[in-house]
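This is what each chain is made of:
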Amino acid sequence: MAVNCGPLAGMTPEQLKAALAAAQEAYTELQTGNKGVSFSYAQGDGTRSVTFQGTSLANLQVFIRQLQQALGIPTCSRSRYQRVRY
């Protein structure tokens, strides 16, 4: 397992795995549009709205990568394209 220092220090491997699963689920929900952030609805006495605190996909990606590193899970390189030299 990788050295765990920083904001995730002190978390057990089980806690890290649970956090990783939750972060991946949140990422999937946001990516597929299944999780909303702001909703409005009409009631008999007027219109109401509810807003939930959201996060960005980029923030979730960083958090997922941090959790994976803390668990010792290899992560993919950030670069999608690799240069081939002949």
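Up top is the structure these notes are about.
Conventions adopted
- Residues numbered from 1 in each chain as written.
- Predicted model: local features only at pLDDT ≥ 70, side-chain atom pairs only at ≥ 80, totals over all residues.
- Heavy atoms only, no water.
- Helix = DSSP H or I, 4+ residues; strand = E, 2+ residues; numbered from the N terminus.
- Buried < 20%, exposed > 50% of the residue type's maximum accessible area, 1.4 Å probe, protein only.
- Contact = heavy atoms within 4.5 Å.
- Areas by Shrake-Rupley, 256 points an atom, 1.4 Å probe, with all protein chains shown as cover.
- Core = buried A, V, L, I, M, F, W, Y, C linked by side-chain atoms within 4.5 Å.

## A look at the overall build of the protein chain
- If you tally the helices and strands in the protein chain, you get two helices and two strands.
- Counted from the first residue to the last, the protein chain has its helices and strands arranged as α-β-β-α.
- Sorting the 86 residues of the protein chain into buried and exposed places 14% on the buried side.
- Long-range pairs, those at least 24 residues apart, make up 58% of the contacts in the protein chain between residues at least 6 apart in sequence.
- In the structure as shown, the protein chain presents an accessible area of about 7000 Å², 52% of it carried by carbon and sulfur atoms.

## Some words on the nonpolar core
- With ten residues, the main nonpolar core is built from L8, L16, A19, L20, A23, L60, I64, L67, A70 and L71.
- Elements that contribute at least two residues to this core include exactly α1 (13-32) and α2 (57-71).
- Element by element, the count of residues in this core is highest for α2, at five residues.
- Beyond its immediate stretch of four places on either side in the chain, L60 contacts A23, A26, Y27, L30 and T55.

Note that all results are geometric; they support no functional claim without further evidence.
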